[in-house]
Number of protein chains: 2
Amino acid sequence: MVAPSLRARVRAGMIEEIKTVARRHLDTDGANLSLRAVARDLGMVSSAIYRYFPSRDDLLTALILEAYDALGDAVEAADAAADQADLRGRWLAACRAARAWALAHPAEYALLYGSPVPGYAAPDDTVAPAQRPPVTLVGILRDGLASGRLAPPDEDLPEPLRGDVAELVGLLGMDVPPALLARGMAGWTQLFGLISFELFGRINRALPHRDEYFDHQIGLMADLVGLP
Amino acid sequence: MVAPSLRARVRAGMIEEIKTVARRHLDTDGANLSLRAVARDLGMVSSAIYRYFPSRDDLLTALILEAYDALGDAVEAADAAADQADLRGRWLAACRAARAWALAHPAEYALLYGSPVPGYAAPDDTVAPAQRPPVTLVGILRDGLASGRLAPPDEDLPEPLRGDVAELVGLLGMDVPPALLARGMAGWTQLFGLISFELFGRINRALPHRDEYFDHQIGLMADLVGLP
DNA sequence: CCCACGTCAAGAGCAGTGCTCTCTCTTTTG
DNA sequence: CAAAAGAGAGAGCACTGCTCTTGACGTGGG
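What this report covers is the structure whose coordinates are included nearby. (Residues numbered from 1 in each chain as written. Chains lettered and ligands numbered in written order. Predicted model: local features only at pLDDT ≥ 70, side-chain atom pairs only at ≥ 80, totals over all residues. Heavy atoms only, no water.)

### Concerning the overall build of chain A
So the rule is basically this: Counting from the N terminus, the helices are the DSSP runs of H or I reaching at least four residues and the strands are the DSSP runs of E reaching at least two. To sort residues, take the accessible area from a 1.4 Å probe on protein chains only and compare it with the maximum for the residue type: under 20% means buried, over 50% means exposed, and anything in between is partly exposed. In what follows, residue pairs with any heavy atoms lying within 4.5 Å of each other are defined as contacts. Note on areas: these come from Shrake-Rupley sampling with a 1.4 Å probe, and a residue is covered only by the protein chains present in the view. Charged residues are defined narrowly, with Lys and Arg counted positive, Asp and Glu counted negative, and His plus the chain ends left uncounted. Every charge is mapped onto a representative atom, which is NZ of Lys, CZ of Arg, CG of Asp or CD of Glu.
Broken down by element type, chain A carries eleven helices and zero strands. Listing every helix and strand of chain A by position from the N terminus yields α-α-α-α-α-α-α-α-α-α-α. A principal-axis box enclosing the C-alpha atoms of chain A has dimensions of 65 × 50 × 35 Å. Looking at chain A as a whole, 50% of its 228 residues are labelled buried. In chain A, 70% of the contacts between residues at least 6 apart in sequence involve partners at least 24 apart. Summing over all exposed atoms, chain A offers an accessible surface of approximately 10500 Å²; the carbon and sulfur share of this is 54%. Taking the 22 positively charged and 30 negatively charged side chains of chain A as two groups, their mean positions are separated by 9 Å.

Okay, structure coming up:
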């Protein structure tokens, strides 16, 4: 392990600076990020950017990865900060943290969960960090099951579906009944829908009390998954 | 009322032809619609398009309007085709119709419910057609309430929210308790989330039986709104 | 009938985009 | 100290939305 050379440190700083400026452009100008505009802000020429990122998509991918991790950190931190015995409190805290992060970083949220850019295919690196929020939610359910505070749902899944979800249970490494995982995914789907509606402006201008509306809606889903 | 002149009829046909080709480009190339490419396909030069649409955004708006109406038609038709006494059947049919339309027209769905285009602001004309699917869902609940087949939820909404939702009830002109409307909106949010995840996300590659998964998820929401 | 008016399409051009290639200068390395 | 590698600048290609001008054509009124 040699000490990084001056050039290497400058390079790392440059990469960070490019990402910072790009993030700023993302927040102000929306999803269509212009490499040339970023370069202009940095006082350099557009072709110089290609020393650091092989293409615009790679820059976007780097931003997406960081955004997934930032969202995952926020959700997991909120869950960890709550009273671990209070399952419903943990669920609500995780959901609120996701919404708060999305409201604070709307353009990055749109990058993660908006319509996919036509030519762009997200690399596999993004799969794991993307699953952190739903995994956190399911983890709360697993904890509840383990501690006996959460009763599994009465129903079971019909067969072709049961196998799929059971496989997903194994993939996530969380020992919960398939029917419960399905309800947990319903909660995650609902959370995503709620945030997207609020952010993309499709939801009602007739609902001024957005915090209360959000809390009520995620409360409904907490009921659905069986949190007391 | 005079008969439209030959020129007017040719013009109307041209507008339709442009929209058709644009829709095709949308489906193949994704959201970034190129005016020049559309013009090329029509054997004309890009500037000629501006005789019919003042800008690219106006062409997009026309497509969005038609898409909203197509989706609304599909959902309402599915609801109307179901046995009107079978409330749960109507709910499921409406949801399935929305999904089917989205899967058949992914790019147009993305245009409607994906991340908003930065510079673009949807005109007010789009508000009414955009509300047709959720209004259809709530209409099912109202019918159930009127016929006594659906019991309103036990709970009531806490105060700041109750007023908001009550106002929304008035706005929609549907006489349902606020708590029930809130649950109906949860169902609509869930439906949007489900379709978006399936279309955009590569959530659940581990779920090959998508139809069954979808049916189960909307079934959960049918339970939540109280449909027997 | 005919001509002026309004519509239409084409072409050039402007400012912007992602990206490539070359050329030069500086830093690191053997 | 010389060779190799890295970094930035600049020109250029193909593309985008959009504007303006120019010339051709169909149509309705005199």
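On we go.
### Observations regarding the nonpolar core
The cut-off we apply is this: Working definition of a nonpolar core: buried Ala, Val, Leu, Ile, Met, Phe, Trp, Tyr and Cys residues. They are joined through side-chain atoms within 4.5 Å.
Among the nonpolar cores identified, the biggest contains 139 residues, and Trp91 and Leu191 of chain A together with Trp91 and Leu191 of chain B are the most heavily contacted of them. When residues no more than four places from it in sequence are discounted, the contact partners of Leu191 of chain A are Cys95, Ala98, Leu137, Phe214 and Ile218 of chain A. If you look at the next biggest cluster of nonpolar residues, it comprises eight residues, including Leu224 of chain A together with Ala186, Met221 and Leu224 of chain B.

### Things to note about the relation of the copies chain B and chain A
To keep it simple, the criterion reads: When the copies are superposed, the least-squares fit draws on C-alpha atoms of residues that have pLDDT of at least 70 in both.
Expressed as a screw transformation, the operator carrying chain B onto chain A has a rotation angle of 180° and an axial translation of 0.0 Å, and the superposed copies differ by an RMSD of 0.2 Å. Seen this way, the second copy is the image of the first under a two-fold rotation axis.

### Observations concerning the protein's contact with DNA strand C
Keep this limit in mind: The cutoff for a nearby residue is simple: one of its non-hydrogen atoms must lie within 4 Å of the molecule or strand. Polar contact is the term for a pair of N or O atoms within 3.5 Å; when the atoms are in protein, one must be able to donate a hydrogen and the other to accept it, and sequence-neighboring residues count only if both atoms are side-chain atoms.
In the vicinity of DNA strand C there are 22 residues, among which Leu35, Arg36 and Arg56 of chain A together with Arg11 and Arg51 of chain B approach most closely. Here the atoms of DNA strand C within 4 Å of the protein split so that 49% fall in sugar or phosphate, with bases taking the remainder. Backbone polar atom of Leu33 of chain A to a phosphate oxygen of DNA strand C: 3.1 Å apart, as the coordinates give it. At 2.8 Å from a base nitrogen of DNA strand C is found a side-chain nitrogen or oxygen belonging to Arg51 of chain B. For the surface near DNA strand C, the elements supplying multiple residues, two or more each, are helix H1 (6-29), helix H2 (35-41) and helix H3 (46-49) of chain A together with helix H1 (6-29) and helix H3 (46-49) of chain B. In terms of residue count, H2 of chain A provides more of the surface near DNA strand C than any other element does, three residues in total.

### Regarding the packing of helix H6 (residues 106-113) of chain A against helix H10 (residues 178-199) of chain A
Residues and elements named next belong to chain A. Going by this rule: A fitted line through C-alpha atoms serves as each axis, taken over the contacting stretch for helices, and the angle formed by two N-to-C directions is quoted from 0 to 180°. Oblique is the label for every angle not falling under 35 degrees (roughly parallel), over 145 degrees (roughly antiparallel), or within 65 to 115 degrees (roughly perpendicular). In this scheme, a crossing is called left-handed if the near helix is turned counterclockwise away from the far one by less than a right angle; it is called right-handed if the turn is clockwise. Any residue outside Ala, Val, Leu, Ile, Met, Phe, Trp, Tyr, Cys, Pro, Asp, Glu, Lys and Arg is labelled polar, Gly included; the first ten of those are nonpolar and the last four are charged.
Their axes nearest at 11 Å, the elements H6 and H10 cross at an angle of 130°. In terms of orientation, H6 lies oblique with respect to H10. Crossing angle aside, the handedness with which H6 passes H10 is left-handed. Between H6 and H10, the residues in contact are Pro106, Tyr109 and Tyr113 and Trp188, Phe192, Ile195, Ser196 and Leu199, respectively. Among the residues making up the contact of H6 with H10, the classes are represented as seven nonpolar, one polar and no charged.

### Structural notes on the packing of aromatic side chains
Rules: Stacked, tilted and edge-to-face are the three classes applied to pairs of Phe, Tyr and Trp rings, where Trp contributes its six-membered ring and a pair requires centres within 6.5 Å; stacked means planes under 30 degrees apart, edge-to-face means over 60, and tilted covers the rest. Comment: the charge-over-ring label is applied if NZ (Lys) or CZ (Arg) is within 6 Å of the ring centre and within 35 degrees of the ring normal.
The final tally for this structure, using the stated rule, is 15 aromatic pairs over all chains. Taken together, a centroid distance of 5.8 Å and an interplanar angle of 55° make the contact between Tyr113 of chain B and Phe192 of chain B tilted. With a gap of 79 residues between them, Tyr113 of chain B in helix H6 (residues 106-113) and Phe192 of chain B in helix H10 (residues 178-199) connect regions that are remote in the sequence. With respect to class, Tyr113 of chain B is no different from Phe192 of chain B; both count as buried. Between the NZ or CZ atom of Arg99 of chain A and the centre of the ring of Phe214 of chain A, over which it lies, the distance is 5.0 Å.

### A closer look at the interface of chain B and chain A
Note the cut-off: Each of two parts loses accessible area, computed with a 1.4 Å probe, when they are put together; buried area is these two losses added. Salt-bridge detection follows one rule: a side-chain nitrogen of Lys or Arg within 4 Å of a carboxyl oxygen of Asp or Glu.
Facing 49 residues of chain B, the contacting portion of chain A comprises 50 residues. Around 4100 Å² of area is buried between chain B and chain A when both sides are counted, 69% of it from carbon and sulfur atoms. Put simply, chain B and chain A have zero salt bridges between them. Counting across the interface, chain B meets chain A through six residue pairs in polar contact (both at pLDDT 80 or more). Contributions of two or more residues to the side of chain B that touches chain A are made by H6, helix H9 (159-172), H10 and helix H11 (210-225) of chain B.

### A closer look at the pattern of salt bridges
Considering all chains together, one arrives at 34 salt bridges over all chains under this definition. The partner of Asp211 of chain A in a salt bridge is Arg99 of chain A, with the nearest N and O atoms 2.9 Å apart. Residue Asp211 of chain A is located in helix H11 (residues 210-225), and its partner Arg99 of chain A is located in helix H5 (residues 87-104); the two are separated by 112 residues in the primary sequence. Overall, the relative accessible area of 46% leaves Asp211 of chain A in the partly exposed class. Close ionic contact of Asp41 of chain B with Arg24 of chain B constitutes a salt bridge, the shortest N to O distance being 2.9 Å. In this pair, Asp41 of chain B is assigned in helix H2 (residues 35-41) and Arg24 of chain B in helix H1, connecting sequence segments 17 residues apart. Look at Arg24 of chain B and you get partly exposed, because its relative accessible area is 46%. A cluster of three or more residues bridged by salt bridges with shared partners is formed by Glu16, Lys19, Arg23 and Glu66 of chain A.

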